[in-house]
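# A closer look at the structure
Here is what each chain is made of, one letter per residue.
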Amino acid sequence: MALKNKLQWRDSELECEWRREGAEVRLTYGGQEVQALLLEESAHFLEFQIDGKVEKVACYSDARGVFVHTPSGNFFFKPPKKARRRTKAGTGGEELTAPMPGKLLKVLVASGDEVKQGDTLMILEAMKMEHPIRAPHGGKVKSVYYQEGQRVSQGEELLELQ
Amino acid sequence: MSPFQKILIANRGEIALRLVQAAKEMGRRTVVVYSQADKDSLAVQQAEESYALEGNEVGETYLNVEQILAVAKQCGAQAVHPGYGFLSENADFAERCAAAGLVFIGPKPETIRQLGDKVISKRMADQAGVPVIPGHQGEMPKGKALDQVAAKIGFPLMIKASAGGGGKGMRIVAGPEQLADALAAASREAAAYFGNPEVFLEKYLENPRHVEVQILGDNQGRVVALGERECSIQRRHQKMIEESPSPSIDDKVRRDLAAAAVNLAEAVGYVSAGTVEFIVDEKNRFYFLEVNTRLQVEHPVTEWVTGVDLVKNQILIAEGEGFNFDPDKLTPRGHAIECRLYAEDPENQFLPSEGRVGLLREPARPGVRIDSSLYEGQEILSLYDPMLAKLTVFGKNRKEALEKMSALLRDYILLGIRHNLDFLRFVVDGAAFQSGHYHTHTVAQLMPEFLAGRQEPVPLAVLGALMVPRRAVTTAAAMGPATGTAGSLAGLEGFRNA
């Protein structure tokens, strides 16, 4: 039976259809068809024969995503998107997320503040680097989720802008 | 002076481990201090003694002078090695050490202070006959006088904020007609960003290269140059790849650079290891940039080609001994290249990333040196510098070193965090680096091509992601409490069962 999966590759979803019979694996994705033989599987490694070549891939997966090492480089697939919409239903608010992990050096706005496009709302800091969080458009700050001095992970929602 | 009984290492990560190992090989006992996040580090494991510092922030821990001095006193250390970064170029700390009866392993405090000041160090370089970049500082003339000053420097020139850094308030001026307006604008920008409108003029170098000379001074006033390092592969003004010898200069320039570095260092009575940095233009004219009064991150490339252990010599010099090699018989040989492995994502503007060392395979093979403090299960947080490890290779010539580096970058496996290995490999295998003709803008120029090549994953990567072996999946519960990233494993399981 063919399996269908969506992999989160960069900002898009990669639709994959694949089937495994014994050692034989057939895969279709992004308009290409791939045939491979799975020769060996160990704790972290898979060995395939593909296009007449035997190659190993290393795999690791945790809550942050799936990490794969191949002879041609490293590949990272994000975990599937949560069932959360970017724009909150009803409020019309937009949530700004942290582009990198770090500490909130400054929180320059409070809920209720009116801001203009390009205003610096927060300053995020990771070792040796300050990164301003700017308003993508003008509007009203609906909620601020963090205080100065708190640490945030990459992708966490920092505040909601209306 | 007799050998130190005990040395305190005031640093973390790969350099703490490197210092512990060097001192232990010499039979000196080692003590490390560590933050809560670093309590399981390899340096803590390998040092004879270790002391916890409360907290995680650098101010509470690796920059906490009071705490570090208290530990040194408590454990009876006789010397402190600061490594690089943190307190290594802090003249006040070096003085505090001396006052507490501790030997600071590094230059004299006054040397650190003088050379740490951009204006003073530039003047000292000038006095020592070292070429400095033409420019104008202080009161900015107006009208004809300004034109004369600018003409003397030559166009294009650069306006920089005196209090600035990181490219802010910086402007390139192509010709005299734009100068007055640009000065006014740069001054306004400087006032807005730094609260200080003062700006200065400097000659702008097109496609400059960054070349530096390793120096080592003994207690008798002798300074030797240990070859140069080419460090022009940079992002955000931070180095990513270094090599020695530099592929872009000839032996005449090489000798002149070394002589300039030694002249400056001897003029200030330099003791211990240091680095004199230069900017080199397209005609191989070089200008003094600054002096780093400490052990440099990229010291392994110099150690490969000279055979001199810089850390051991620092310790011996601090103990009052001389060099452990004969400077008159020093002939660099072969070629060394270092790549810095960073926990940062080239696809996301090189911003730092967090993660967990889920799978690690560091190749050990002839001609490879890996300065790493990584271990499986380690949580990588953004509290500290994102550098994870240094991958260094040695070849009998540059060609062999390039081959070794390319293979090393291909075979080094680190999964569980976003890092720059693929970008390093892209640079090393690319035409610019292979030819040796590269400069400090090369990384920015290569970026679009690198990103374009990452449009779709290769079939093997997709197969790997779809068929992750069960034992290679770490459940969310096993992750440390420090992680709070969104995403759930339940979703990932769907990869297999859908």
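Please read these numbers as outputs of a predicted model, since none were measured by experiment. (Residues numbered from 1 in each chain as written. Chains lettered and ligands numbered in written order. Predicted model: local features only at pLDDT ≥ 70, side-chain atom pairs only at ≥ 80, totals over all residues.)

### Considerations on the overall build of chain B
We count it as follows: Helical segments are the DSSP runs of H or I of at least four residues, strand segments are the runs of E of at least two, and each set is numbered from the N terminus. For the radius of gyration, the atoms used are the C-alpha atoms, and the globule rule reads 2.2 Å times the number of residues raised to 0.38. With C-beta atoms placed from the backbone, the exposure class of a residue follows from how many other C-beta atoms lie within 10 Å of its own: 20 or more, buried; 12 or fewer, exposed; in between, partly exposed. By definition, residue pairs are in contact when their C-beta atoms, positioned from the backbone, come within 7 Å.
The helix and strand tally for chain B stands at 17 helices and 23 strands. Taking 23 Å as the expected radius of gyration for a compact globule of 498 residues, we find that chain B reaches 24 Å, a close match to that expectation. When the 498 residues of chain B are sorted by exposure, 48% land in the buried category. In chain B, once contacts between residues fewer than 6 apart in sequence are set aside, the share between residues at least 24 apart is 64%.

### Overview of the overall build of chain A
Tallying secondary structure elements over chain A gives zero helices and 16 strands in all. Its C-alpha atoms give chain A a radius of gyration of 22 Å, more than 25% over the compact-globule value 15 Å for 162 residues. Across its three principal directions, the C-alpha atoms of chain A cover 60 × 40 × 20 Å. Burial status across chain A gives 31% buried among its 162 residues. Summarising the internal contacts of chain A: among those between residues at least 6 apart in sequence, 37% fall at separations of at least 24.

### Looking at the sheet that holds strand β9 (residues 199-203) of chain B
Residue and element names in this part refer to chain B. Which entries qualify depends on this criterion: Strands were regarded as paired on the criterion that DSSP finds at least two bridges between them.
The sheet built from four strands is open, its strands ordered β6-β9-β7-β8 with antiparallel pairing. Looking at which strands have only one partner, the edges of the open sheet turn out to be β6 (135-136) and β8 (171-173). As defined by bridge partners, β6 adjoins β9 across two bridges and the pair is classed as antiparallel. Counterpart to Gly135 in the pairing with β9 is Glu202.

### Re the packing of helix α1 (residues 13-25) of chain B against helix α11 (residues 310-318) of chain B
All names here are of chain B. Rules: A fitted line through C-alpha atoms represents every axis, and for helices the fit uses only the stretch in contact; the resulting angles, taken between N-to-C directions, go from 0 to 180 degrees. Should the near helix be turned anticlockwise from the far one by less than a right angle, the crossing is termed left-handed; should it be turned clockwise, right-handed. Each residue is assigned to one of three groups, with Ala, Val, Leu, Ile, Met, Phe, Trp, Tyr, Cys and Pro labelled nonpolar, Asp, Glu, Lys and Arg labelled charged, and all others, Gly among them, labelled polar.
Interaxial distance between α1 and α11 falls to 9 Å at its minimum, and their mutual angle equals 65°. Pair α1 / α11 crosses with right-handed handedness. Mapping the contact onto sequence places Arg18, Leu19, Ala22 and Ala23 in α1 and Val311, Lys312 and Ile315 in α11. Its residues assigned to classes, the contact of α1 with α11 shows five nonpolar, no polar and two charged.

### Quick notes on the packing of helix α4 (residues 91-99) of chain B against helix α5 (residues 109-116) of chain B
Residue and element names in this part refer to chain B. What counts is decided by this rule: Orientation is classified from the angle alone, with under 35 degrees giving roughly parallel, over 145 giving roughly antiparallel, 65 to 115 giving roughly perpendicular, and any other angle giving oblique.
Between α4 and α5, the least distance of the axes is 8 Å, while the angle of their chain directions is 175°. Regarding the angle of α4 to α5, the classification is roughly antiparallel. Residue-level inspection shows Ala91, Ala94 and Glu95 of α4 in contact with α5, the latter providing Pro109, Ile112, Arg113 and Gly116. Its residues assigned to classes, the contact of α4 with α5 shows four nonpolar, one polar and two charged.

### Some details on unusual backbone geometry
For the bond from B:Phe155 to B:Pro156, the omega torsion is -5°, close enough to zero to count as cis. Take B:Pro156: it is sitting in the loop between α7 (143-153) and β7 (157-161). Here the amide bond leading from B:Ser244 into B:Pro245 is cis, since omega sits at -5°, within 30 degrees of zero. With respect to the helices, strands and loops of the structure, B:Pro245 is situated in the loop between β12 (238-244) and α9 (251-267). Backbone geometry places A:Asp51, a non-glycine residue, at a positive phi of 50°. Mapping A:Asp51 onto the fold places it in the loop between β5 (45-50) and β6 (53-62).

### Overview of the pairing of strand β2 (residues 29-34) of chain B
Residue and element names in this part refer to chain B. Burial within β2 is extensive, with five of its six residues counted as buried. Across four bridges, the pairing between β2 and strand β3 (residues 49-52) is parallel. The residue of β3 that forms the bridge with Val32 is Ser50.

### A look at the domain arrangement of chain B
Residue and element names in this part refer to chain B. Applied cut-off: Residue ranges assigned to the domains are those given by an automatic or database domain assignment.
Looking at the assigned domains, one finds that chain B contains domain 1 (6-105), domain 2 (135-203) and domain 3 (209-452). Placing a centre on the C-alpha atoms of domain 1 and another on those of domain 3 gives a separation of 24 Å. Taken together, the 23 residues of domain 1 in the interface contact 22 residues of domain 3. Those elements that provide at least two residues to the side of domain 1 that touches domain 3 are α1 and α2 (42-46). Residues of the side of domain 1 that touches domain 3, tallied by class, amount to twelve nonpolar, six polar and five charged.

### Re the domain arrangement of chain A
Split by domain assignment, chain A resolves into domain 1 (3-78) and domain 2 (94-161). The C-alpha-based centres of domain 1 of chain A and domain 2 of chain A are spaced at 37 Å.

### Some points on helix α8 (residues 179-194) of chain B
Residues and elements named next belong to chain B. Definition in use: A helix's residues, less one, multiplied by 1.5 Å, set its expected span. Read the arc as the range of directions from the helix axis to the C-beta atoms.
Over its 16 residues, α8 extends 21 Å from the first C-alpha to the last, a length consistent with the 22 Å expected when each residue adds 1.5 Å. Within α8, the full set of buried residues consists of Leu179, Ala186 and Ala190. Buried residues in α8, looked at end-on, bunch into an arc of 40°, giving them a common side. Exposed and facing more than 90 degrees away from the buried side of α8 are Asp181, Ala184 and Ala192. Once α8 finishes, Gly195 follows within two positions and takes phi at roughly 70°, a positive value.

### Some thoughts on the interface of chain A and chain B
Taken together, the contact between chain A and chain B spans 54 residues of the former and 51 residues of the latter. Among the elements of the structure, β1 (3-9), β2 (12-21), β3 (24-29), β4 (32-41), β5, β6, β7 (65-70) and β8 (73-78) of chain A are those that each provide at least two residues to the side of chain A that touches chain B. Of all the elements, β6(A) adds the most residues to the side of chain A that touches chain B, at seven residues. Across the side of chain A that touches chain B, the residue classes tally to 33 nonpolar, 14 polar and seven charged.

### Quick notes on the nonpolar core
All names here are of chain B. Let me state the cut-off plainly: Among buried residues, those of type Ala, Val, Leu, Ile, Met, Phe, Trp, Tyr and Cys that are joined through C-beta atoms within 7 Å form a set called a nonpolar core.
By size, the foremost hydrophobic cluster in this structure holds 77 residues, and its most contacted members are Ile9, Val32, Val80, Ile215, Ala261 and Phe278. Looking at which element gives the most residues to this core, the answer is α1, with seven residues. Leaving out residues up to four positions away in the same chain, Ile9 has contacts with Ala16, Leu19, Val20, Thr30, Val31, Val32, Ala47, His81 and Gly83. Counting 71 residues, the second largest nonpolar core, distinct from the first, contains Ile337, Leu391, Tyr412 and Ile417.

### Here's the deal with α9(B)
Residues and elements named next belong to chain B. Taking 1.5 Å as the rise per residue, α9 with 17 residues should run 24 Å; its terminal C-alpha atoms sit 24 Å apart, in good agreement. For α9, the set of buried residues is Leu257, Ala260, Ala261, Val262, Leu264 and Ala265. On the buried face of α9, the contacting elements are α6 (118-127), β10 (209-217), β11 (223-235), β13 (272-280) and β14 (286-292). Of the residues trailing α9, Gly269 is marked for its positive phi of about 65°.

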